[in-house]
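So the chains spell out like this:
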Protein chains: 6
Amino acid sequence: MENVRCDGRRYDELRKVTITRDFTKYAEGSVLIEIGDTKVICTASVDDKVPPFRKGTGEGWVTAEYDMLPRSTASRNTRDRNNLKISGRSNEIQRLIGRSLRSVVDFKTLGERTIIIDCDVIQADGGTRTAAITGGFVALMDACSYLVNANIIPEIPIRDFVAAVSVGYVDDRELLDLCYYEDSRATVDMNVVMTSNGQLIEVQATGEESPFDRKVLEKLLDLAEKGINELVAIQKQVLLSKD
Amino acid sequence: MENVRCDGRRYDELRKVTITRDFTKYAEGSVLIEIGDTKVICTASVDDKVPPFRKGTGEGWVTAEYDMLPRSTASRNTRDRNNLKISGRSNEIQRLIGRSLRSVVDFKTLGERTIIIDCDVIQADGGTRTAAITGGFVALMDACSYLVNANIIPEIPIRDFVAAVSVGYVDDRELLDLCYYEDSRATVDMNVVMTSNGQLIEVQATGEESPFDRKVLEKLLDLAEKGINELVAIQKQVLLSKD
Amino acid sequence: MENVRCDGRRYDELRKVTITRDFTKYAEGSVLIEIGDTKVICTASVDDKVPPFRKGTGEGWVTAEYDMLPRSTASRNTRDRNNLKISGRSNEIQRLIGRSLRSVVDFKTLGERTIIIDCDVIQADGGTRTAAITGGFVALMDACSYLVNANIIPEIPIRDFVAAVSVGYVDDRELLDLCYYEDSRATVDMNVVMTSNGQLIEVQATGEESPFDRKVLEKLLDLAEKGINELVAIQKQVLLSKD
Amino acid sequence: MENVRCDGRRYDELRKVTITRDFTKYAEGSVLIEIGDTKVICTASVDDKVPPFRKGTGEGWVTAEYDMLPRSTASRNTRDRNNLKISGRSNEIQRLIGRSLRSVVDFKTLGERTIIIDCDVIQADGGTRTAAITGGFVALMDACSYLVNANIIPEIPIRDFVAAVSVGYVDDRELLDLCYYEDSRATVDMNVVMTSNGQLIEVQATGEESPFDRKVLEKLLDLAEKGINELVAIQKQVLLSKD
Amino acid sequence: MENVRCDGRRYDELRKVTITRDFTKYAEGSVLIEIGDTKVICTASVDDKVPPFRKGTGEGWVTAEYDMLPRSTASRNTRDRNNLKISGRSNEIQRLIGRSLRSVVDFKTLGERTIIIDCDVIQADGGTRTAAITGGFVALMDACSYLVNANIIPEIPIRDFVAAVSVGYVDDRELLDLCYYEDSRATVDMNVVMTSNGQLIEVQATGEESPFDRKVLEKLLDLAEKGINELVAIQKQVLLSKD
Amino acid sequence: MENVRCDGRRYDELRKVTITRDFTKYAEGSVLIEIGDTKVICTASVDDKVPPFRKGTGEGWVTAEYDMLPRSTASRNTRDRNNLKISGRSNEIQRLIGRSLRSVVDFKTLGERTIIIDCDVIQADGGTRTAAITGGFVALMDACSYLVNANIIPEIPIRDFVAAVSVGYVDDRELLDLCYYEDSRATVDMNVVMTSNGQLIEVQATGEESPFDRKVLEKLLDLAEKGINELVAIQKQVLLSKD
C-alpha cells in the first residue's frame with residue numbers, strides 16, 4: 001500500500017519530537033515541546049494556595065490552563081479576553097490536561113499546595129492538546145524536583161510517566177499522530193492518554209460526521225500505545241539529561 | 001457474587017426509563033426523560049437561521065445547550081448567569097450532545113435551518129449527559145416529524161437512532177448506568193454514544209484518580225452496547241406510539 | 001354581556017390551579033405550580049450563610065431567583081448566561097418575589113440563615129411572576145417545616161399566607177388572572193400580592209401604551225382580592241394534605 | 001397634630017422644585033431637576049436608529065437609562081461597570097422611566113427614530129426615580145421641540161404631560177414626596193406616575209417589611225395626585241419660559 | 001501674527017477656570033471644575049480599606065475613577081456598563097489621575113486608608129483629563145482637611161500642589177489649553193502634570209498621525225509650565241477662601 | 001564613577017538585542033525580539049476588514065494587542081480571560097503600540113485592510129512595551145512585504161523606521177534600557193518612541209512617587225535618542241538579511 005501521509009511518514013510513525021527544558025527562566029518548570037510543527041510552551045508554577053475543597057486536608061492539587069496565541073493558526077483567532085469568556089474548546093482541553101496529570105500524582109506527598117500547568121500554543125499543526133499533556137508532564141516533573149531540591153517535599157510525588165497522542169481514521173487507514181491536514185480529513189478522531197506501562201488514563205474517540213466500528217477503536221488504541229511508549233522514552237531521556 | 005448496587009439492580013441492568021413526549025406545548029419537539037431519579041427536559045426548537053459557516057450551503061445544523069436547575073442536585077448550584085459565564089462542565093456536555101446528534105443527521109435534507117436541542121436537568125442522579133442525548137434524540141425526531149408534516153422538508157433527515165449510557169468500574173466490578181452514588185465511587189467513568197446497530201459515535205473514558213487496564217475498557221464497551229440496545233428499543237417504542 | 005375570554009372563563013374566574021409538593025427530591029421545599037398552561041418549578045433551599053448586611057444580627061434572609069427555560073415560550077429565548085448577564089425583566093421579577101415573601105417572615109425566628117426560592121418557568125402562558133410568588137410561598141413553608149422538624153428552629157417563622165395574581169383591563173373589561181393572549185391585549189396590566197386577610201404587600205399597575213382611570217384601579221383591586229382569597233384557600237388545602 | 005417631617009414641611013407639601021433647562025450644551029434636551037437635595041441630570045438624545053422590533057414600522061421609540069454617580073449617596077457606591085453588569089435596581093428604575101414616558105408619546109408622529117433619556121443622579125436624597133421621570137419629561141419635550149424646529153417632524157408628538165412623585169406611610173401618617181430619611185423609615189413606599197389630568201400611568205406600592213391596608217393605598221393616591229398636579233404646573237411654567 | 005484660536009484667546013492663554021467647592025453634600029471633598037465648556041465633577045471619598053499590597057503597612061493609598069456622562073459629548077456614548085467593561089480610554093485616564101495625585105501624598109501621615117477621587121465629566125470640550133487632575137487635587141485637599149478637622153490625622157498629608165494642562169501643536173503653532181476643536185486638529189497632543197514649583201510629575205506627548213521635532217516638545221513644555229503656574233494660583237485662591 | 005548597573009553595562013548601553021524573523025509559520029509577519037531577558041513574540045496578521053470609521057474611505061488601519069503569558073513574570077499572573085476583562089495595563093500598552101506604529105503608515109497605499117500586531121510576552125525583564133514596538137515594527141514591515149510580493153499593494157506603505165526604548169533615573173543617574181530590577185528602583189520612568197531620524201512619536205515620562213526636574217527629562221531624551229538609533233540600525237540589518 002502506498003504511503004498516505006502528507007509528510008511521507010509511515011502510518012504508525014510519530015512526527016519529530018523535541019522537548020526543551022528551562023525554556024523560560026521564572027517558572028519552577030518550563031518546557032517547550034515541539035511535535036512536528038506543533039509548538040507548545042508548558043510551564044509549571046507552584047502556588048501555596050489550594051482550591052476550597054482541599055483546604056485543611058493536607059493534600060495538594062494540580063490544575064491546567066490552555067490557550068493559543070492568536071496567530072498560532074492559519075487564520076487569526078480572537079483572544080478569549082476580548083470575548084469576555086474562555087472558549088468552550090479551551091475549557092474542555094484544559095480540563096482534560098488537568099485530569100490526566102492528576103491521575104499519577106500522590107497528593108499527600110505533594111502537600112497542601114497547587115501546581116498550575118500553563119499550556120500556551122505558539123504554533124498549531126494538530127495534536128496541541130496531547131502535546132500539552134506530554135510536555136506538561138515534563139514541566140510538572142521539574143516543578144516537583146524544584147520542591148524536592150528546596151527541601152519543601154521529601155520526594156517526587158509522581159507515581160508514573162504520562163504521555164498522550166492523537167490517532168485517527170483517515171482515508172480508510174488508522175494513523176498515528178495526525179497533523180492538522182490529516183486531522184481535518186479524519187472520520188474518526190481519538191485522543192489517548194496513557195502511563196509508561198500501558199495503563200489507560202483517558203480515551204476520547206469521536207466519529208466526525210458518522211459512526212464507526214469498534215474494530216477501528218481497537219486498532220487505534222494499538223497505534224496510540226505504540227506512540228505513547230515512544231513519547232515516554234523521549235520524556236525519560238530528556239529528564240535524565242540534567243538534575 | 002453478591003449484588004453490589006445500591007438499588008438492587010444487576011450489574012448489567014438499566015434503571016427504569018420513562019420517556020414522555022409533548023411534555024411542554026410550544027417546542028417542535030418536547031420530551032421529559034426519566035432514568036431512575038435523573039430527570040431531564042429535552043426540547044427541540046426549529047430556527048430559520050444557521051451558523052455563519054453554513055450560510056448559503058443549503059445545509060442545516062443541529063446544536064445543543066445543557067443546563068441544570070440550581071436545586072437539581074443535593075447542594076444548590078449558582079446559576080451560570082450569576083457567574084457571567086457558562087460553566088466548563090456544561091460547555092463540555094453540550095458540545096458532546098450536539099456532536100453526537102449531528103453524526104446521524106442528513107443536513108442536505110434538513111435544509112438551511114438549525115434545530116436547537118435544549119437539555120435542562122430538573123433532577124440529577126448520575127448520567128444526566130447520556131440521558132440528555134437519549135432524550136434529545138427523541139425530541140429531535142419529533143421536530144423533524146413536525147417539519148415533514150408541515151411540508152417543509154420531504155422526509156425525516158435522520159439516518160439512524162442514537163442513544164447513550166454511562167458505564168463505570170466500581171469496587172472491582174463493571175457496572176451499567178451508574179447512579180450518582182455509584183458514579184462518585186467509580187475508578188473508571190465512561191460515557192458511550194452508539195447507533196442502533198452498534199456503531200460507535202463517541203467514547204469518553206476517564207480514570208478517576210488512577211489509570212486502568214485496557215481489558216476494563218473492553219468489558220465496559222460490552223456493557224454499554226447492551227444498555228444502548230435497550231435504550232434504542234425504548235426510543236422506538238415511544239416514537240411508534242403516536243404519529 | 002357575552003363572555004370575552006379565550007377559554008370561556010367568567011371575567012372573575014381563575015384558571016385551574018394545581019400545586020404539587022415534593023416535586024423534586026433534593027430541595028428542602030419543592031413545588032410545581034400549574035395555573036392554566038403556566039407551569040413553574042419553585043424550590044426552597046436552606047443556606048447557612050446570610051448576606052453581609054445580616055451578619056452577626058441573628059436574623060435571617062429570604063431571596064429569590066427567577067428564570068425561564070429557553071423554550072417555555074412560543075419563540076425560543078436566549079439563555080441569560082449566553083448574554084453574560086441577567087435580563088432586566090428577570091431581575092425585576094425576582095426582586096418582586098423576594099420582597100413579597102420577605103414581608104411575612106419573622107427573621108429573628110428564622111435565625112441567621114438564608115432561604116433561596118428558585119422559580120424556574122417551564123411553560124409560560126401569562127402570570128408567571130404571580131404563579132412564582134404563590135408557589136414559592138408553599139415551597140418556603142415546606143422549607144420552614146423542614147427546619148422545624150429538624151429542630152433547627154422552634155416554630156414556623158411565617159406570619160401570614162401570601163399569594164399573588166395578575167389582573168388587567170382588556171377590551172373595556174376588568175379581568176382576573178390573564179392568560180398570555182389576554183395579557184398581550186390588555187391596556188392596563190396589574191400584579192397584586194396580598195396576605196390571607198386582604199392586606200396588600202405589593203401593587204404594580206402599568207398603563208400599557210396609554211394612561212388609565214383610578215376607577216379601573218379600584219375594580220382591578222377588587223378582582224385581585226377575590227382571586228387571592230381563592231389562591232390562599234388552595235395553598236392551605238395543599239399544605240394540610242401532609243405534615 | 002404636630003409636624004412629623006424632618007424639614008418642617010406639611011405632610012402634603014412638596015420639597016422645593018427647580019428645573020433648569022439647557023443644563024449642558026450638546027444634548028437635544030438637557031435638564032437639571034432639583035427636588036430638595038435630590039439632583040438629577042436628565043438629557044434627551046435623538047438617535048436615527050430604532051430597536052429591531054420597530055424597524056420598517058415607521059414608528060419611533062423612547063427609552064431611558066438611569067445611573068447614580070458613585071458619591072451621590074452618603075456612602076460611596078461601586079460603579080456598575082466595575083461589577084461588569086448593571087445593578088438590578090438601576091435596571092428596574094430605567095425600565096419604569098422608559099415605560100412611563102412612552103405612554104404619552106405618539107410614535108407615528110415621532111417617526112422611525114429613538115429618543116434616549118439619560119438620567120444621572122448627582123445627589124440623592126430620596127425620590128430619584130420620580131424626579132428622573134418629571135425632569136426626563138421636560139428633556140423629552142425639548143428634544144421634540146428641537147425636531148419640530150429643525151423641520152424633521154411636523155408637531156410635538158406628546159399627548160399629555162407626565163410627572164411622578166413618591167409617597168409613603170411613615171409613623172402612621174401618609175406623607176408626600178419623601179426625603180431619604182423619611183423613606184428609610186416608611187412602612188409603605190409608593191411611586192405614582194400620572195398625567196396632567198389625573199390619569200394613572202404607573203402605580204408601584206410596596207409594603208416594606210409588612211403588609212398594609214387598602215385604605216392607606218387610597219390616601220396615598222390622593223396625596224400623589226395633589227403633588228403631581230403641582231409638578232405638572234411647574235413643568236408647564238418652565239417650558240413656557242422659552243421657545 | 002493673527003490669532004489662530006476659535007475663541008479669540010492668545011496662544012498662551014488658559015480658558016476661563018472656575019472651581020466650585022462643596023458642589024455635592026455627601027463627599028468629604030466635592031468640586032465642580034469648569035475650564036471653558038469642559039465641566040467635571042470631582043469628589044473625594046475616604047474609605048477605611050486599603051488595597052491588599054498596603055495592608056498592615058500603616059500607609060494609605062489614593063486612587064481615581066474617571067467616566068463621562070453619555071451625552072457629555074456631541075454624539076452620545078454608550079455607557080461602559082452596557083459594554084460589560086471599562087473603556088480603554090477611561091482606564092488609561094484614571095490610572096494617570098491616580099498616579100499624578102499619589103506623587104505628592106505622604107502616605108505615612110495619611111495612615112492606612114484610601115481616598116478615592118471620582119471624576120465624572122458632565123460636559124466635554126477638550127482637556128477633561130487635565131481638568132480632572134486639577135479639580136481632583138482640590139477635592140483631595142478638602143478630604144484631607146476633613147480628616148484633620150475630625151482629628152483622624154494630625155496634618156494635611158500633601159507635600160505640594162498639583163495641576164495639569166493640555167498643550168498642542170496646531171497649524172504650526174504651539175497652543176496652551178486646547179478646546180476640542182483645536183485638539184482634533186493638533187498634530188502633537190501633550191498632557192503635562194506639574195507641581196507648584198515647576199517639577200514634572202507626568203509628561204505624555206503623542207504625535208498624532210506623524211512624528212514631531214524635539215524643539216516642539218521644548219516649547220510645549222514652556223507653555224505648559226506657564227499654564228500650570230496659573231492653575232495652581234487659582235487652586236490656592238479657591239482653597240484659601242474657606243477653612 | 002563606578003558602574004551602577006546590575007549586569008555591568010555602561011549607563012548608556014543597550015542590552016543584547018536579537019530579532020528573529022519568521023519565528024512562527026502562519027503569520028504574514030512573525031518576529032521574536034529578545035532584549036536581554038525580555039522576550040516578545042510579535043506577529044503581524046493581515047485582515048480584509050477595517051474598523052467602522054474606515055469603511056468606504058479606501059484607507060487601512062493598524063492596531064495592536066498586547067498580552068503576557070501567565071508565567072512570563074517572577075510570580076504568576078491570572079489570565080485576563082479569567083477576570084472577564086482586559087487589564088488596564090495591557091490596554092494602555094496596546095493602545096501605545098498601535099498609535100506608535102500608525103504614525104509612520106501611509107494608509108492610502110495600504111488600502112482598506114487592517115494589519116493586527118499581536119505582541120505576546122513570553123519572558124519579561126523590563127521594557128516589554130518598547131520591545132513590542134521595536135519588534136512589532138519589523139513584523140509590520142514583513143507583512144507589508146508580503147502584500148507587495150503578492151501584488152496586493154504597489155509598495156511598502158511605511159514612511160520611516162520606528163523603535164522605542166525605556167530610560168529612567170535610578171540612584172541619581174540617568175540609565176538607558178532598564179531591566180526589571182533597575183525599573184523597580186527608578187524614580188523617573190520614561191518610554192520614548194522615535195523614528196530613524198530622531199523625530200519623536202511618543203514620550204511618556206512618569207515621576208514614580210515623586211516629581212522630577214525638567215533637566216532630567218532632557219538627559220533622558222538624549223539617552224533615548226542614542227538607544228533608538230542603535231535599535232533602528234539593528235532593525236535595518238535584520239530586514240536586509242532576507243527578501
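**Looking at the overall build of chain A**
- Counting its regular elements, chain A contains five helices and nine strands.
- Ordered by position in the sequence, the α and β elements of chain A form the string β-β-β-β-α-α-β-α-β-β-α-β-β-α.
- Against the compact-globule benchmark of 18 Å for 243 residues, chain A has a radius of gyration of 18 Å, which places it among compact chains.
- Dimensions of chain A, computed from C-alpha atoms along their principal axes, come out at roughly 55 × 45 × 30 Å.
- For chain A, the proportion of its 243 residues judged to be buried stands at 64%.
- Excluding contacts between residues fewer than 6 apart, the proportion of contacts in chain A whose partners are at least 24 apart in sequence is 70%.
- Within the structure as shown, chain A displays about 9,300 Å² of accessible surface, and the carbon and sulfur contribution to it stands at 47%.
- In chain A, 32 positive and 39 negative side-chain charges are present, and the distance between their average locations comes to 3 Å.

**Here's the deal with the sheet that holds strand β2 (residues 29-35) of chain A**
All names here are of chain A.
- Strand order in the open sheet formed by five strands is β1-β2-β3-β5-β4, and the pairing between neighbours is mixed. In this open sheet, the two strands that pair with only one neighbour each are β1 (17-21) and β4 (61-68). Taking each pair of neighbouring strands and ignoring which way they run, the sheet shows an average axis angle of 15 degrees.
- Of the pairings in the sheet, the one linking strand β3 (residues 38-47) to strand β5 (residues 114-123) comprises nine bridges and is antiparallel in character. Bridge pairing in β5 links I41 to D120.
- Most of the contacts of helix α3 (residues 128-149) go to β3, to which it runs at about 35 degrees, and overall it touches β1, β2, β3, β4 and β5.

**Things to note about the interface of chain A and chain F**
- Listed per partner, the contact involves 39 residues of chain A and 39 residues of chain F.
- A combined buried area of about 3,100 Å² lies between chain A and chain F, and 47% of that area is made up of carbon and sulfur atoms.
- By the criterion of area lost to chain F, the three top residues of chain A are A:Y26, A:R71 and A:R81, representing 28% of everything that side buries.
- Here F:D125 ties to A:K25 by a salt bridge, and the two come within 3.8 Å at their closest N and O atoms.
- Joining chain A to chain F, the criterion identifies 30 residue pairs in polar contact (both at pLDDT 80 or more).
- Listed by contribution, the elements that provide at least two residues to the side of chain A that touches chain F are β3, β4, α1 (88-102) and β5 of chain A.
- It is β5(A) that provides the largest number of residues to the side of chain A that touches chain F, a total of six residues.
- Its residues assigned to classes, the side of chain A that touches chain F comprises 16 nonpolar, nine polar and 14 charged.

**Observations regarding the sheet that holds strand β1 (residues 17-21) of chain D**
All names here are of chain D.
- Read across the open sheet, the five strands follow the order β1-β2-β3-β5-β4; overall the sheet is mixed. One side of each edge strand has no neighbouring strand; the edge strands of this open sheet are β1 and β4 (61-68). Strand-to-strand, the axes of this sheet are offset by a mean angle of 15 degrees, without reference to chain direction.
- Docked against the sheet, helix α1 (residues 88-102) engages β4 and β5 (114-123), running at close to 145 degrees with respect to β4.

**As for helix α3 (residues 128-149) of chain E**
Residue and element names in this part refer to chain E.
- With 22 residues, α3 extends 31 Å from end C-alpha to end C-alpha; this agrees with the ideal 32 Å at 1.5 Å per step.
- Counting buried residues in α3 gives 19 out of 22 residues, a clear majority hidden from the surface.
- Count one or two residues on from α3 and you reach N151, which has phi positive near 60 degrees.

**Topic: the pairing of β3(A)**
Residue and element names in this part refer to chain A.
- Most of β3 is tucked away, with eight of its 10 residues classed as buried.
- Both β2 and β3 contribute to a ladder of seven bridges, which runs antiparallel. Each bridged residue has a counterpart across the sheet, and for G29 the counterpart in β3 is A44.
- Counted between consecutive antiparallel strands, the loop separating β2 from β3 contains two residues, among which G36 sits at a positive phi close to 60 degrees.

**A few points about the side chain of F:E182**
All names here are of chain F.
- With respect to the helices and strands, E182 occurs in helix α4 (residues 180-185).
- Looking at E182, its side chain comes within polar contact range of the main-chain nitrogen of C179, at 3.1 Å.
- Once residues within four sequence positions are removed from consideration, E182 is found in contact with R5, C6, R9, V170, L175 and D177.

**Examining the pattern of salt bridges**
- Summed over the entire model, instances satisfying the criterion amount to 195 salt bridges over all chains.
- Among the salt bridges present, the one from A:D37 reaches F:K25, with a minimum N-O distance of 2.7 Å. Placement of the pair is A:D37 in the loop between β2 and β3 and F:K25 in the loop between β1 (17-21) and β2 (29-35), with the two residues belonging to separate chains.
- Here A:D37 falls in the partly exposed class, since its relative accessible area comes to 32%.
- Note on F:K25: relative accessible area 40%, which makes it partly exposed.
- Put simply, F:E59 and F:K108 hold a salt bridge, and the shortest N to O gap is 2.8 Å. Residue F:E59 is located in the loop between β3 (38-47) and β4 (61-68), and its partner F:K108 is located in helix α2 (residues 107-110); the two are separated by 49 residues in the primary sequence.
- Look at F:K108 and you get exposed, because its relative accessible area is 57%.
- Several salt bridges share partner residues, and in doing so they unite A:R5, A:D7, A:R9, A:R15, A:D37, A:D125, A:D177, A:E182 and F:K25 into one network.

**Things to note about the relation of the copies chain A and chain F**
- When chain A is fitted to chain F, the residual RMSD is 0.0 Å, and the transformation amounts to a turn of 180 degrees plus an axial shift of 0.0 Å. The transformation relating the two chain copies, once decomposed into turn and shift, fits a two-fold axis. For chain A, the smallest separation between a C-alpha atom and the rotation axis is recorded for A:R81, amounting to 2.0 Å.

**Focus: the nonpolar core**
- E:I115 and F:I115 are the most contacted members of the largest nonpolar core, which has 137 residues in total.
- When residues of this core are assigned to their parent elements, the largest contribution, 12 residues, is made by helix α3 (residues 128-149) of chain F.
- Apart from the residues within four sequence positions on either side, E:I115 is in contact with E:A44, E:S45, E:V46, E:W61, E:V62, E:T63, E:L110, E:L140, E:A143, E:C144 and E:L147.

**Some details on the environment of C:G8**
Residues and elements named next belong to chain C.
- Inspection of the secondary structure puts G8 in the segment before β1 (17-21).
- Accessibility expressed as a relative area gives 52% for G8, which makes it exposed.
- In this structure the C-alpha to C-alpha distance between G8 and G29, which are 21 residues apart in sequence, comes to 34 Å.

**Examining the arrangement of the chains**
- You won't find any contact between chain B and chain E; their C-alpha atoms come no closer than 10 Å.
- Chain C makes no contact with chain F; the smallest distance between any of their C-alpha atoms is 10 Å.

**Let's talk about the packing of α3(A) against helix α5 (residues 214-240) of chain A**
Residues and elements named next belong to chain A.
- As a packed pair, α3 and α5 sit with axes 11 Å apart at the nearest point and diverge in direction by 30 degrees. Here α3 is positioned roughly parallel relative to α5, judged by the angle of their axes. When the axes of α3 and α5 are compared, the crossing they make is right-handed. Across the interface between the two elements, T134, F137, V138, M141 and D142 of α3 pack against L231, Q235 and L239 of α5.
- Of the residues assigned to the contact of α3 with α5, the class counts are five nonpolar, two polar and one charged.

**Let's talk about the side chain of E:R54**
- Within the element layout of this structure, E:R54 appears in the loop between β3 (38-47) and β4 (61-68).
- Contacts of E:R54, omitting those with residues within four sequence positions, involve E:E59, E:G60, E:W61, E:F107 and E:E112.

**Here we look at the confidence of the model for chain A**
- For chain A, per-residue confidence averages 95 on the pLDDT scale, and 98% of positions sit at 70 or higher.
- Across the interfaces of the predicted complex, the ipTM metric reaches 0.94, alongside a pTM of 0.91.

**Structural notes on the packing of aromatic side chains**
Residue and element names in this part refer to chain A.
- Per the stated rule, a full pass over the model turns up 18 aromatic pairs over all chains.
- Here F137 and F161 contribute two aromatic rings whose centre-to-centre distance is 5.2 Å and whose plane-to-plane angle is 45 degrees, an arrangement assigned as tilted. Separated by 24 residues along the polypeptide, F137 in helix α3 and F161 in the loop between α3 and β6 (162-170) bring together distant segments of the chain. Here F137 matches F161 in class, with each residue buried.

**Remarks on the environment of F:L110**
- Mapped onto the fold, F:L110 is located in helix α2.
- In this structure, F:L110 is in contact with F:G60, F:W61, F:V62, F:V105, F:I115, F:L147, F:I153 and F:P157, ignoring residues within four places of it in sequence.

**Some details on unusual backbone geometry**
- One non-glycine residue, C:N151, lies in positive phi territory at about 60 degrees.
- In this structure, C:N151 sits in the loop between α3 (128-149) and β6 (162-170).
- On the accessibility criterion, C:N151 (71% relative accessible area) is exposed.
- Even without being a glycine, E:D171 presents a positive backbone phi close to 50 degrees.
- In this fold, E:D171 is placed in the loop between β6 (162-170) and β7 (173-176).
- For E:D171, a relative accessible area of 46% translates into the label partly exposed.

Cut-offs applied
Residues numbered from 1 in each chain as written. Chains lettered and ligands numbered in written order. Predicted model: local features only at pLDDT ≥ 70, side-chain atom pairs only at ≥ 80, totals over all residues. Heavy atoms only, no water. Helix = DSSP H or I, 4+ residues; strand = E, 2+ residues; numbered from the N terminus. Rg over C-alpha atoms; globule rule 2.2 N^0.38 Å. Buried < 20%, exposed > 50% of the residue type's maximum accessible area, 1.4 Å probe, protein only. Contact = heavy atoms within 4.5 Å. Areas by Shrake-Rupley, 256 points an atom, 1.4 Å probe, with all protein chains shown as cover. Lys, Arg positive; Asp, Glu negative; His and termini not counted. Charge placed at Lys NZ, Arg CZ, Asp CG, Glu CD. Pairing = 2+ DSSP bridges. Axes fitted to C-alpha atoms, helices over the stretch in contact; angles between N-to-C directions. Buried area = accessible area lost by both parts, 1.4 Å probe. Salt bridge = Lys/Arg side-chain N within 4 Å of Asp/Glu carboxyl O. Polar contact = N/O pair within 3.5 Å; in protein donor to acceptor, adjacent residues only side chain to side chain. Nonpolar A, V, L, I, M, F, W, Y, C, P; charged D, E, K, R; others polar. Expected span 1.5 Å × (residues − 1). Least-squares fit on C-alpha atoms with pLDDT ≥ 70 in both. Core = buried A, V, L, I, M, F, W, Y, C linked by side-chain atoms within 4.5 Å. Parallel < 35°, antiparallel > 145°, perpendicular 65-115°, else oblique. Left-handed = near helix turned anticlockwise from the far one by under 90°. pLDDT = per-residue confidence, 0-100. Phe/Tyr/Trp six-rings, centres within 6.5 Å; stacked < 30°, edge-to-face > 60°.

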